[in-house]
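Structural overview for review
Residue strings, one per chain:
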Amino acid sequence: MVFKFAAYHRYLPLKTSDVEANDSGHHKSGAASHRLITVLLVLCAAAAGFLAGRVSTSSSPDSTGLLPSLGNEAQVWRQNISFSGPPTEETERAWESIYPVGRGFVRHDAITHDRVGSIAVFHQIHCVHGIRVAYYAVLQRSQSDNGSANPFVEKLAAMDDLHHVAHCFDYLRRSLMCASDTNVEYPDENHVTSGWNNAKTCRDYESVKQWVEQWRVGDRGDIQ
């Protein structure tokens, strides 16, 4: 049974006094912009690894003392530039294809106990998407003559704010630590550990997505 509510559910951070809003409307360039780009790129790389991983929550270490993986789906990851490249209408469709109708908000008597709750992985994907948009907005603004990104990227960036990006840094840090993905990754022939082309054991993401859609609250499907 699907419960549908008129309430508008969103992923938003709590605003705190130590996070300042960008009220000026101007885009900073130079060293400050490049520092922000670097921070965003590093976090995107870390969060991308989390996206394809699965949560390991077992409390029983195996004979090596390492917590075992959960899930039974064998995967080999390969880079998909639809998720790492600049935002376009095509890449946005790719991102929304992995996002459930209802945006991860569910109501289930036995699990949420008559409350509306969100399934964490979809909040995390929403955060990674927001960081990606912010990264390309800053990058394109720093490289353009007029200080603006292309209109499509500016439109996406206008749907979010720096409060949310700042929230996602710490939220994804805690998510990565909570998941503690114990799949082993090996360096390639260039001695680079990219995470690609390694065998992994994962949870069945599509099954989680289908369950969330079955018990969804609302019918929105956009990732913003």
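Since we're looking at a predicted model, the values are computed, not measured.

**Some remarks on the state of the cysteines**
Scanning all chains against the criterion turns up 1 disulfide. Disulfide pairing places Cys127 opposite Cys168 at an S-S distance of 1.9 Å. Since a negative S-S torsion denotes a left-handed disulfide, the Cys127-Cys168 link at about -85° is left-handed. Taken together, the positions of Cys127 in helix H4 (residues 120–143) and Cys168 in helix H6 (residues 162–179) put the pair 41 residues apart, joining distant regions of the chain.

**Some details on the packing of aromatic side chains**
Here the structure, examined in full by the defined rule, presents 4 aromatic pairs. The interplanar angle of 85° and the centroid separation of 6.3 Å between the aromatic rings of Tyr99 and Phe122 together place this pair among those described as edge-to-face. One end of the pair, Tyr99, is in the loop between helix H3 (89–97) and strand E2 (105–106); the other, Phe122, is in helix H4, and 23 residues separate them in sequence. We note that Tyr99, like Phe122, is buried. Ring geometry for Tyr135 versus Tyr136: centroids 4.7 Å apart, planes at 70°, classification edge-to-face. With a relative accessible area of 11%, Tyr135 lands in the buried category. Under the relative-accessibility criterion, Tyr136 is labelled buried at 12%.

**Observations regarding H6**
One full turn of an α-helix is made of 3.6 residues, so residues set three or four places apart face in the same direction. With 18 residues, H6 extends 25 Å between its outermost C-alpha atoms, agreeing within 8% with the 26 Å of an ideal straight helix rising 1.5 Å per residue. All buried positions along H6 are accounted for by His163, His164, Val165, Cys168, Leu172, Ser175 and Ala179. One or two positions beyond H6, positive phi appears at Ser180, with a value near 45°.

**Focus on unusual backbone geometry**
Within the chain, Arg103 stands out as a residue other than glycine whose phi angle is a positive 60°. Looking at where Arg103 falls in the secondary structure, it is placed in the loop between H3 and E2. For His113, which is not a glycine, the phi torsion comes out positive at approximately 55°. Mapped onto the elements, His113 comes out in the loop between E2 and strand E3 (117–118).

**Examining the confidence of the model for the protein**
When pLDDT is averaged across the protein, the result is 76; 69% of the residues are at 70 or more. Taken together, the stretch residues 1–8 has pLDDT below 50 and engages in 16 contacts with residues farther than four places along the chain or on a different chain. For residues 45–59, every residue scores under 50 in pLDDT, and the model assigns this stretch 42 contacts once sequence neighbours within four places are set aside.

**Points about the packing of H3 against H4**
Two measures define how a pair of helices packs: the angle their axes make with one another and the distance between the axes. Interaxial distance between H3 and H4 falls to 11 Å at its minimum, and their mutual angle equals 165°. The orientation of H3 relative to H4 falls into the category roughly antiparallel. The handedness of the crossing between H3 and H4 is right-handed. Residues Thr91, Glu92 and Trp95 of H3 touch H4, and the partners they reach there are Ile125, Val128, His129 and Arg132. Across the contact of H3 with H4, the residue classes break down as 3 nonpolar, 2 polar and 2 charged.

**Observations regarding the nonpolar core**
Within soluble globular proteins, side chains that are nonpolar tend to cluster in buried spots. Formed by 13 residues in total, the largest nonpolar core has its most connected members in Trp95, Tyr99, Ile125, Leu172 and Ile223. Considering each element in turn, this core owes the most residues, 5 residues, to H4. The next biggest cluster of nonpolar side chains, apart from the first, holds 6 residues, and it includes Val133, Ala137, Leu156 and Ala157.

**Quick notes on the environment of Arg216**
Following the sequence through the fold, Arg216 ends up in the segment after helix H7 (205–214). Exposure remark for Arg216: the relative accessible area of 19% places this residue in the buried category. Sequence spacing of Arg216 and Val116 is 100 residues, and the spatial spacing of their C-alpha atoms is 9.2 Å. There is a polar contact of 2.8 Å between the side chain of Arg216 and the backbone oxygen of Glu213. Among the polar contacts listed, one links the side chain of Arg216 to the backbone oxygen of Gly218, at a separation of 3.4 Å.

Cut-offs used in this document
- Per chain, the residues get numbers from 1 upward, laid out in the order the sequence is written.
- A pLDDT threshold of at least 70 governs which residues receive local features in this predicted model, and a stricter bar of 80 or more applies before side-chain atom pairs are shown or counted, although totals over entire chains, interfaces and linings include all residues.
- Excluding hydrogens and water, the side-chain figures rest on all heavy atoms present in the structure.
- Only a pair of cysteine sulfur atoms within 2.5 Å counts as a disulfide in this structure description.
- In this description a helix means any DSSP run of H or I spanning at least four residues, a strand means any run of E spanning at least two, and both kinds are numbered starting from the N terminus.
- Two rings belonging to Phe, Tyr or Trp (six-membered ring only in the last case) form a pair when the distance between their centres is within 6.5 Å. Interplanar angles under 30 degrees mark stacking, angles over 60 mark edge-to-face geometry, and anything in between is tilted.
- The classification of residues rests on relative accessible area computed with a 1.4 Å probe and restricted to protein chains. Under 20% of the type maximum is buried, over 50% is exposed, and intermediate values are partly exposed.
- For a helix, the expected span equals 1.5 Å multiplied by the number of residues minus one.
- pLDDT is defined as a per-residue confidence score from the predictor, taking values between 0 and 100.
- When checking whether two residues touch, look at their non-hydrogen atoms; a contact exists if any pair is within 4.5 Å.
- Helix axes are fitted only over the stretch in contact, all axes being lines through C-alpha atoms; the angle between N-to-C directions runs from 0 to 180 degrees.
- To sort the angles, those under 35 degrees are grouped as roughly parallel, those over 145 as roughly antiparallel, those from 65 to 115 as roughly perpendicular, and the leftovers as oblique.
- Crossings are sorted by hand: turned counterclockwise from the far helix by less than a right angle, the near helix makes the crossing left-handed, and turned clockwise it makes it right-handed.
- Amino acids are sorted into nonpolar (Ala, Val, Leu, Ile, Met, Phe, Trp, Tyr, Cys and Pro), charged (Asp, Glu, Lys and Arg) and polar (every other residue, Gly among them).
- To form a nonpolar core, buried Ala, Val, Leu, Ile, Met, Phe, Trp, Tyr and Cys residues must be joined to one another through side-chain atoms within 4.5 Å.
- Polar contacts here mean pairs of N or O atoms no more than 3.5 Å apart (in protein, one a potential hydrogen donor and the other a potential acceptor; neighbouring residues in sequence count only if both atoms are side-chain atoms).

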